[in-house]
Amino acid sequence: MDVAVVDFGATDAHEQFAHSLKETGFAVLVNHPISPALLQSVQNEWLAWFTDATDKRAYLTGDKGDGYFPPALSETAKGAQIKDLKEFFHIYPWGQFPAGVSRSAFDLYDQATVVAKTLLSWVELHTPPEVAAGFSVPLSNMLNESTHTLLRILRYPPLRGDEPVGAVRAAAHEDINLITVLPAANEPGLQVKDSKGAWHDVPCDPGSLTINSGDMLQYASGGYYPSTTHQVVNPTGDSATRSRVSMPLFLHPAADVVLAEGRTAKSFLDERIAILRGNGAPAA
């Protein structure tokens, strides 16, 4: 499975990106517009918060799904029986945010959203007319006025050796949203599954962005752009003693955007949230 590494500034970047997304559901971007210094700053700041903060429970998530999710409230992936080994914080422009943490995460939120709109315009450019005819509005416009786009800051703690049998950092799953922008984590571990069931490592070069299509894009495109199953595996050796920090931005359309067959983004999301809640997972 060949997940393309695309130079954002290359003259044929749009073609390479759209082809990789169509063939694998994933692509990796280098030389993109988001500052590597910003990515590193947000990563370092939030690792320190997860590791050292004494007031994390003051930001426990509520009915709106923003705020802090401790390991006990972590997700159980669809079809899995054991919770993932992680804690995370849901950042929305309207939601909770820790005191003493800089606003750099919001800079990342804004800049990654701009990149996502560019990438969706690339996808539009290379989508066959018969597929594009099914889009209710241009893909990049679907993000306008959205209140559900979510920056999730995750910390996968070091492994202690007493984890439940079969527990992993992130069990196999697909993303619900339209498209995900994922800055490279500080440690490897992300894998994607090919059509034959084999797993492949995703490149994790510092400063790069991994992009993947979600269930909403798959649905809106009639399956043309696949929402590919992926996971985060448990590390071994020295890596097992270190935290892994991940910062995906899940791009959601505005609530009233029709994805396909009369189903809006809101109705699609509500259905998936109901399934997740039934599986003991948070509403993301």
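Residues numbered from 1 in each chain as written. Predicted model: local features only at pLDDT ≥ 70, side-chain atom pairs only at ≥ 80, totals over all residues. Heavy atoms only, no water.

### Re helix 2 (residues 36-52)
Heads up, the rule is: Here a helix means four or more residues in a row that DSSP labels H or I, a strand means two or more in a row labelled E, and each is numbered from the N terminus. Working rule for helices: expected span equals 1.5 Å times residues minus one. Only protein chains enter the calculation, and the probe is 1.4 Å; a residue is then buried if its accessible area is under 20% of its type maximum, exposed if over 50%, and partly exposed in between. Starting at the helix axis, one direction is taken to each C-beta atom, and the arc is that of these directions. Two residues qualify as a contact provided that any one of their heavy atoms is within 4.5 Å of a heavy atom in the partner residue. Polar contacts, as counted here, are pairs of nitrogen or oxygen atoms within 3.5 Å of one another; within protein the pair requires one atom able to donate a hydrogen and one able to accept it, and residues that are adjacent in sequence qualify only if both atoms are side-chain atoms.
Helix length check: helix 2, at 17 residues, gives a terminal C-alpha distance of 24 Å against a target of 24 Å (1.5 Å per residue), a fit within 8%. Looking at helix 2, one finds that the buried residues are Leu38, Leu39, Val42, Gln43, Trp46, Trp49 and Phe50. For helix 2, the arc enclosing every buried residue in end-on projection is 130°, short of the 170-degree limit, so these residues lie on one face. Pointing more than 90 degrees away from the buried face of helix 2 are the exposed residues Pro36, Ala37 and Asp52. Lining the buried residues of helix 2 we find strand 3 (67-69), strand 4 (87-91), helix 3 (104-125), strand 5 (150-156), strand 7 (179-183) and strand 12 (244-246). Where helix 2 begins, the side chain of serine 35 points an oxygen toward the backbone nitrogen of alanine 37, at a separation of 3.1 Å.

### Describing the packing of aromatic side chains
Quick reminder of the rule: Side-chain rings of Phe, Tyr and Trp (the six-membered ring for Trp) are treated as a pair once their centres are within 6.5 Å; stacked means planes under 30 degrees apart, edge-to-face means over 60, and tilted covers the remaining angles. By the criterion adopted, a ring carries a charge over it if an Arg CZ or a Lys NZ lies within 6 Å of its centre and within 35 degrees of its normal.
Enumeration over the complete set of coordinates arrives at 17 aromatic pairs. Relative to tryptophan 122, the ring of phenylalanine 8 has its centre 5.1 Å away and its plane inclined at 35°; by these criteria the two rings are tilted. Highlighted residues: phenylalanine 8 in the loop between strand 1 (5-7) and helix 1 (13-24) and tryptophan 122 in helix 3, separated in sequence by 114 residues. Exposure class is identical for phenylalanine 8 and tryptophan 122. Each is buried. Centre to centre, the rings of tryptophan 49 and tyrosine 68 are 5.8 Å apart; their planes meet at 80°, and the pair counts as edge-to-face. Highlighted residues: tryptophan 49 in helix 2 and tyrosine 68 in strand 3, separated in sequence by 19 residues. Residues tryptophan 49 and tyrosine 68 agree in their burial class; the two are buried. Each residue in the set Trp46, Trp49, Phe50, Tyr59, Tyr68, Phe89, Phe97 and Phe106 is aromatic and connected to the rest through ring pairs, giving one cluster. Positioned above the aromatic ring of tyrosine 224 is the side chain of lysine 22, whose terminal nitrogen or guanidinium carbon lies 5.2 Å from the ring centre.

### Digging into the nonpolar core
Rules: Working definition of a nonpolar core: buried Ala, Val, Leu, Ile, Met, Phe, Trp, Tyr and Cys residues. They are joined through side-chain atoms within 4.5 Å.
Among the nonpolar cores identified, the biggest contains 61 residues, and Phe17, Leu29, Trp46, Ile91 and Leu108 are the most heavily contacted of them. The contacts of tryptophan 46, once residues within four sequence positions are left out, are Phe89, Ile91, Phe97, Pro98, Val101, Ala105 and Ile153. One finds Phe26, Phe69, Leu182 and Val192 within the second-largest nonpolar core, a separate group that totals 13 residues.

### Here's the deal with the sheet that holds strand 8 (residues 190-193)
Our working definition: Any two strands are treated as partners once DSSP identifies two or more bridges connecting them. Axis geometry follows a simple rule: fit a line to the C-alpha atoms, using only the stretch in contact for helices, then measure angles between N-to-C directions, giving values from 0 to 180 degrees.
Here we have 4 strands laid out as an open sheet, ordered 6-11-8-9, and antiparallel in their pairing. Whereas interior strands pair on both sides, the edge strands pair on one side only; in this sheet they are strand 6 (170-173) and strand 9 (199-201). Shown here is a sheet whose adjacent strand axes are inclined to one another by a mean of 20°, direction ignored. Bridge count between strand 6 and strand 11 (residues 230-232): 2 bridges; the pairing is antiparallel. Bridged to histidine 173 within strand 11 is histidine 230.

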